[in-house]
Amino acid sequence: MDISSLHEHNLTYRFPKNFWWGSAASGPQTEGAALMDGRKQSIWDYWYSTEPACFHNGVGPEHTSDFYHRFKEDIQLMKETGHNSFRTSIQWSRLIPDGTGKVNEKAVAFYNQVIDELIAHDIELFMNLYHFDMPMCMQEKGGWESREVIDAYVNYAETCFRLFGGRVKYWFTFNEPIVPVEAGYLYNWHYPNVIDFKRGATVAHHTIVAHAKAVEAFKKLKVDGKIGIILNLTPSYPRSQDAEDVKAAHIADLFFNRSFLDPVTKGEYPRDLVDILKERDLLPAVEAGDLEVIKNNPIDLLGVNYYQPRRVKAKEKPEPESAPFMPEHLFDPYIMPGRKINPHRGWEICEEVIYDIMIDLRDNYSNLPFFISENGMGVEGEEKFRHAEGFIEDDYRIEFIQEHLKWVHKALEEGANCLGYHLWTFMDNWSWTNAYKNRYGLVEVDLKNQLTRTVKKSGKWYKQLSENNGF
């Protein structure tokens, strides 16, 4: 296939030397082999075993994309699609199947082989420790509501640092830690299907304490590398510059961005957020030492996941007093007229927001080092774009990446400290209750044909993007 028309040899957008080009994935969404070789149930395996109808087309986490068996082939495809870096996660339920105690040697062998293969292909591994995948045995103890689970997680993190720390240079404690709070404890999207803000606040606080203790352990062990966290930053934009709309956007930002961003970078929770929760008796219990460990363990590196903005307006009518508290009791969502939409997914596309995030980090967060750790375009029914030659002709994805990178480039020119760009995701993968409904990959995964992989047009283009370090 001739794709020379997809780039200019005279580059308009050139990126800094050693810029990270790659993609992000996770263990539970790609590995498969769910209960093989000593791995035990996560909450996803358990939930699927009890309520398979909650998952799109009844497709559960058992096989996903079978990276467990096909990692050599997949890493070769990463090289063929221009990766110089790749982020995935270790599964706690695979490495320490009982949550604490004995390490699973078959898991150690698997992760070591993956690390070896990536090193052999000169692809830098970014390793995340937790991607929504609470081991079921830990959930039975209360999940992130339990202090015992914090201790177990820190032990798990230390085990990972000791086992793999010599060869993995970039570590992340959590991916999108607000998502298990929202999905599992507020909005009834994910197991354990709780609707209780105060319990959700406890989950959030305990997650941040676990994160800070893992950072502390990393530093005590003197691991040769950097450690951070990956946050989905979704800027809140007011409907207008009216004072009440602006206040609504500020409150949404406190709940959905700064609740995690401030403690991991500045070492403390936003005062305005604490006041809002204190007034409503919704603050989680804070134990001696919690605030100190958060204060003393800022991150080295931030991963930023960006998909779409949040638009809000002032609350038009109060919620009934009997309704359980939600952040949305303090503002209303707002649908902006004329917004650009991904028609295959229903999400707003607003590329310039990535610039706003980068400038906010430059100006309000000490210009800390960060990278775009997820950005991508999901498409349902992507097979309708299949070219006669058999590959997915996803020009829409190429355009999506280009338009976001133009704004990344602008922020870089204005001094933002961005070190790279990772697409979600390398290959089509399983996504929680949506399973394979929306495809995001540079590489197609054919579920009907033994999980055959085929590079999409975007994958070929991405290789040129990486080789040229721009477009």
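Above this text is the structure in question.
Just so you know, these numbers come straight off a predicted model, no measurement behind them.

A. Looking closely at the overall build of the protein chain. Counting secondary structure elements, the protein chain contains 15 helices and 15 strands. Over its C-alpha trace the protein chain gives a radius of gyration of 21 Å, about what one expects of a compact globule, namely 23 Å for 471 residues. A burial count over the protein chain gives 59% of its 471 residues as buried. Counted over contacts in the protein chain with a minimum sequence separation of 6, partners at least 24 positions apart contribute 78%. For the protein chain, the exposed surface amounts to about 19,100 Å²; the carbon and sulfur share of it is 48%. Taken together, the 53 basic and 69 acidic charged side chains of the protein chain have centroids lying 2 Å from each other.

B. Quick peek at the layout of surface pockets. One number sums up the size of the largest pocket: a volume of about 1,300 Å³. Lining the largest pocket are 44 residues, and of these Glu182, Trp189, Gln308, Arg345 and Trp347 sit closest to its centre. Elements that contribute at least two residues to the lining of the largest pocket include exactly helix H8 (178–185) and strand E8 (310–313). Residue contributions to the lining of the largest pocket peak at four residues, all from H8.

C. Up close: the pattern of salt bridges. Following the criterion strictly, the structure yields 38 salt bridges and no others. Measuring nitrogen to oxygen at the nearest pair gives 3.9 Å for the salt bridge that ties Glu73 to Arg453. With Glu73 in helix H3 (residues 67–80) and Arg453 in strand E15 (residues 452–455), this residue pair connects regions lying 380 residues apart in the sequence. Judged by relative accessible area, which is 38%, Glu73 ranks as partly exposed. Taking the shortest distance from any N to any O, the salt bridge between Lys313 and Glu316 comes out at 3.2 Å. Judged by relative accessible area, which is 16%, Lys313 ranks as buried. Through salt bridges with shared partners, a single ionic network connects Glu382, Asp394, Arg397, Asp428, Arg439 and Lys456.

D. Spotlight on empty space enclosed by the protein. Summed over all chains, the structure comprises six cavities of 30 Å³ or more. Computed from the structure, the largest cavity encloses a volume of approximately 130 Å³. As for the largest cavity, its lining consists of 14 residues, and the residues nearest its centre are Ile43, Phe132, Pro180, Tyr191 and Pro192. Those elements that place two or more of their residues in the lining of the largest cavity are helix H2 (43–50) and H8. When residues in the lining of the largest cavity are grouped by element, the largest group, four residues, is from H8.

E. Quick look at the sheet that holds strand E1 (residues 20–24). Spatially, E1-E2-E3-E4-E5-E7-E10-E12 is the arrangement adopted by the eight strands of the closed barrel, whose pairing is parallel. Each strand axis lies, on average, 25° off the axis of its neighbour in the sheet, ignoring direction. In terms of strand pairing, strand E5 (residues 226–232) meets strand E7 (residues 301–305) through five bridges, oriented parallel. Residue pairing across strands places Ile229 opposite Leu302, the latter belonging to E7. Strands in contact with helix H14 (residues 395–413) are E1, strand E10 (370–374) and strand E12 (418–424); relative to E12, the strand with the most contacts, it is inclined by about 165°.

Rules and cut-offs
Residues numbered from 1 in each chain as written. Predicted model: local features only at pLDDT ≥ 70, side-chain atom pairs only at ≥ 80, totals over all residues. Heavy atoms only, no water. Helix = DSSP H or I, 4+ residues; strand = E, 2+ residues; numbered from the N terminus. Rg over C-alpha atoms; globule rule 2.2 N^0.38 Å. Buried < 20%, exposed > 50% of the residue type's maximum accessible area, 1.4 Å probe, protein only. Contact = heavy atoms within 4.5 Å. Areas by Shrake-Rupley, 256 points an atom, 1.4 Å probe, with all protein chains shown as cover. Lys, Arg positive; Asp, Glu negative; His and termini not counted. Charge placed at Lys NZ, Arg CZ, Asp CG, Glu CD. 1 Å grid on protein atoms, 1.4 Å probe; cavity = no way out; pocket = protein on both sides within 12 Å on 5 of 7 lines; lining within 4 Å. Points joined across faces, edges and corners; volume = space filled by probe spheres on them. Salt bridge = Lys/Arg side-chain N within 4 Å of Asp/Glu carboxyl O. Pairing = 2+ DSSP bridges. Axes fitted to C-alpha atoms, helices over the stretch in contact; angles between N-to-C directions.

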